[in-house]
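Structure at a glance
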Amino acid sequence: MNHPSLSAPSILRVKMSPVERMRPNERCWCHSGLKWKNCHKIRERLEPINIFDRGASMRETFADGFCLHSRAIGEACGGAAVASHTIQRRGGLAAIAEDQHVISNRFEMDDLIKNSGEPAVRRVGIRKASTFPGFCAKHDFELFEPIEKPGAHLDKRAAFLLSYRAICMEYFKKKAAVETLPILKLADSGRPFPVQAQIQNYCAVYEQGTALGMRDIARFRSVYDSCMLDTHQGGFKYSAIFFDKVLPIVLCSAWLVETDFHGNWLQKLGTNSEELELVAVNVTTIGDRTAALFGWVGGNAGPAQKFVESFHQLLDARKSSAIASMGFEHSENVYMRPSWWESLSESKKRALLNRVLNGTPRRGRQENALVDDQLDLISADVIDTIEHY
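Just so we're clear, the structure is a prediction, and the values are computed from it rather than from any experiment.

Conventions used here
Residues numbered from 1 in each chain as written. Predicted model: local features only at pLDDT ≥ 70, side-chain atom pairs only at ≥ 80, totals over all residues. Heavy atoms only, no water. Helix = DSSP H or I, 4+ residues; strand = E, 2+ residues; numbered from the N terminus. Rg over C-alpha atoms; globule rule 2.2 N^0.38 Å. Contact = heavy atoms within 4.5 Å. Areas by Shrake-Rupley, 256 points an atom, 1.4 Å probe, with all protein chains shown as cover. Lys, Arg positive; Asp, Glu negative; His and termini not counted. Charge placed at Lys NZ, Arg CZ, Asp CG, Glu CD. Salt bridge = Lys/Arg side-chain N within 4 Å of Asp/Glu carboxyl O. Phe/Tyr/Trp six-rings, centres within 6.5 Å; stacked < 30°, edge-to-face > 60°. Buried < 20%, exposed > 50% of the residue type's maximum accessible area, 1.4 Å probe, protein only. Axes fitted to C-alpha atoms, helices over the stretch in contact; angles between N-to-C directions. Parallel < 35°, antiparallel > 145°, perpendicular 65-115°, else oblique. Nonpolar A, V, L, I, M, F, W, Y, C, P; charged D, E, K, R; others polar. Core = buried A, V, L, I, M, F, W, Y, C linked by side-chain atoms within 4.5 Å. Left-handed = near helix turned anticlockwise from the far one by under 90°. Expected span 1.5 Å × (residues − 1). Bend = angle between axes of the 7 residues up to and from the residue. Polar contact = N/O pair within 3.5 Å; in protein donor to acceptor, adjacent residues only side chain to side chain. Arc of directions from axis to C-beta. Pairing = 2+ DSSP bridges.

This brings us to the overall build of the chain. The number of helices and strands found in the chain is eleven helices and ten strands. Against the 2.2 N^0.38 benchmark of 21 Å for 389 residues, the chain shows a C-alpha radius of gyration of 22 Å, consistent with a compact globule. Counted over contacts in the chain with a minimum sequence separation of 6, partners at least 24 positions apart contribute 77%. Of the roughly 18100 Å² of accessible surface on the chain, a fraction of 50% belongs to carbon and sulfur atoms. In the chain, 49 positive and 46 negative side-chain charges are present, and the distance between their average locations comes to 7 Å.

Take a look at the structure:
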């Protein structure tokens, strides 16, 4: 049965209609709620702002963070939020690091400007890689100690904790995106009208998508908070595969699934459907090998389960490369061994980087996004599979 969202109408507002001249007291075309005379009538005469400096200032504000777990259980924190690793620093990151550094696929807007609109990777130390200020030191240690200690193994509790941490990170990122949107809307200050129109149209699409994303991730965070308080994590499902070696890539993320690995639409975003399903994905080292874990809460044969099953249906020999492609397609929390990245041909690097902008206002998601492109990125054998659903 097809998911209801596939036939549901889009609730995304059509792009705004910029008007260069309006009556002074009319509401401005940019939907700011201000009169035109106090908004875009004077926008071109305003001093241009450096949104990167403003963005950096906003990121410093969010660097203080807040403890998501204490809010969920109503328990006092052990102090200020700390830089929590979403990928184990002494596990997944250390296993692929060289000189204590890894390669990240995460980029900021200023990176796009510097690279003529094209995304690029960056080198980052493992102390900072994959961190976000989402937990106090007390809860970060107590909550995730079972998956951080040496000799940890992948049972249902460990699978849930890894998935929960991915959900919390995505919630924090979406909240930060909502808060920084007003800065983005001022990027057209001092610009001519055609540029103002382009920027405000982009912001309109970005704002709609961010609002819906915040709605959905907040709902899933609430669901996972409830699972956290359930000793048996009722309703949580997971599946994992283990490779015969440590892969040169790790990731931690969560997203609303759209297409599967065979080119089928599973659900459509931008509708009013309350039944959208999300999958949390962790690729990390457990012991001396890599595990790829999928965690979700959803119905039998729902979009999340279909997504995972389509991955399992791939040839084992293609799964390690599929993980790399999937990571670049859906996550900005991917880290790689530097020598592996440098060993890739320029065409393979470009193929991966081209995926980064998919699903953004600049470039929509395509139904064949995860179909095997036959690029040999990583070679590894699958030695075990766990299915708990």
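Additional details are given in the paragraphs that follow.
Glancing now at the pattern of salt bridges. In this structure the tally under the stated criterion is 19 salt bridges. The salt bridge partner of Arg 318 is Asp 376, with a shortest N-O separation of 2.8 Å. Taken as a pair, Arg 318 in helix H9 (residues 316-330) and Asp 376 in the loop between helix H11 (346-353) and strand S10 (382-388) lie far apart in primary sequence, 58 residues in all. Here the residues in one salt-bridge network are Glu 258, Glu 329, Arg 355, Arg 365 and Asp 373, joined through shared partners.

Throughout the structure, instances matching the rule amount to 18 aromatic pairs. Here Phe 160 and Tyr 224 contribute two aromatic rings whose centre-to-centre distance is 5.7 Å and whose plane-to-plane angle is 15°, an arrangement assigned as stacked. Residue Phe 160 is located in helix H6 (residues 156-185), and its partner Tyr 224 is located in helix H7 (residues 193-229); the two are separated by 64 residues in the primary sequence. Each of the two residues, Phe 160 as well as Tyr 224, counts as buried. Between the aromatic rings of Phe 328 and Trp 341, the centroid separation amounts to 6.0 Å while the plane-to-plane angle is 10°, which identifies the pairing as stacked.

Our focus in this paragraph is the packing of helix H8 (residues 303-312) against H9. The interhelical angle for the contact between H8 and H9, taken along N-to-C directions, is 140°, at an axis separation of 10 Å. In terms of their interaxial angle, H8 and H9 are classed as oblique. Across the interface between the two elements, Phe 307, Phe 311 and His 312 from H8 touch Lys 319, Ala 322, Ile 323 and Met 326 from H9. Its residues assigned to classes, the contact of H8 with H9 comprises five nonpolar, one polar and one charged.

Among the nonpolar cores identified, the biggest contains 51 residues, and Leu 93, Val 102, Phe 135, Leu 154, Phe 160, Tyr 164 and Tyr 335 are the most heavily contacted of them. Tallying contributions element by element places H6 first for this core, with twelve residues. Among all residues touching Phe 160, those that are not within four sequence positions of it are Tyr 224, Cys 227, Met 228, Gln 233 and Phe 236. Residues Leu 266, Phe 294, Trp 296 and Trp 340 belong to the second largest nonpolar core, which totals 41 residues.

Here we take up the packing of H6 against H7. Axis separation between H6 and H7 bottoms out at 8 Å; the angle between their running directions is 150°. Here H6 lies roughly antiparallel to H7, going by the angle between them. The interaxial crossing formed by H6 with H7 has left-handed handedness. Looking at the contact of H6 with H7 residue by residue, the class counts come to 20 nonpolar, four polar and eight charged.

In this section: H6. For H6, which comprises 30 residues, the first-to-last C-alpha distance of 44 Å matches the rise-based estimate of 44 Å (1.5 Å per residue) to within 8%. Residue Glu 179 marks the point of greatest curvature in H6, where the axis turns by about 35°; the proline Pro 182 follows within four residues. One side-chain oxygen at the N-terminal end of H6 lies 3.3 Å from the backbone nitrogen of Arg 157; it belongs to Asp 155.

Within H11 the residues assigned to the buried category are Lys 349, Leu 352 and Leu 353. All buried residues of H11 lie within an arc of 95° about the axis, which places them on one face of the element. Against the buried residues of H11 lie H9 and helix H10 (338-343).

Our next topic: unusual backbone geometry. Even without being a glycine, Asp 99 presents a positive backbone phi close to 55°. Checked against the element boundaries, Asp 99 lands in the loop between helix H3 (89-96) and strand S2 (101-104). A residue is classified by how much of its surface remains accessible, and Asp 99, at 68% relative accessible area, is exposed. Positive phi, normally seen in glycine, also occurs at Ser 130, with a value near 70°. Tracing the backbone through its elements, the reader meets Ser 130 in the loop between strand S3 (122-125) and strand S4 (131-136).

A separate point is the sheet that holds S10. Sheet architecture is open: eight strands sit in the order S3-S2-S9-S6-S7-S8-S5-S10, paired in antiparallel fashion. Both outer strands of the open sheet, S3 and S10, are each paired with one neighbouring strand and no more. Across this sheet, the average inter-strand angle for adjacent strands is 20°, counted without regard to direction. As paired elements, S2 and strand S9 (residues 334-336) share two bridges and run antiparallel to each other. Within S9, the position partnered with Ile 103 by the bridge is Met 336. Its contacts with the sheet put H7 on strand S5 (236-243), strand S6 (249-256), strand S7 (278-286) and strand S8 (289-297), and the angle it makes with S8 is roughly 100°.

Among the eight residues of S6, eight are classified as buried, and the element is accordingly described as predominantly covered. Because side chains alternate across S6, one face comprises the buried residues Ile 249, Leu 251, Ser 253 and Trp 255, and the other comprises Val 250, Cys 252, Ala 254 and Leu 256, equally buried. Bridge analysis of S6 against S9 gives three bridges, and the strand direction is antiparallel. Within the sheet, the bridge partner assigned to Leu 251 lies in S9 and is Val 334.

Before going further, it helps to spend a moment on the environment of Gln 267. Counting through the fold element by element, Gln 267 comes out in the loop between S6 and S7. Ignoring any residue separated from it by four or fewer positions in sequence, one finds Gln 267 in contact with His 3, Ser 5, Leu 6, Leu 256, Val 257, Glu 258, Glu 275, Leu 276, Glu 277 and Pro 303. Looking at Gln 267, its side chain comes within polar contact range of the main-chain oxygen of Val 257, at 2.8 Å.

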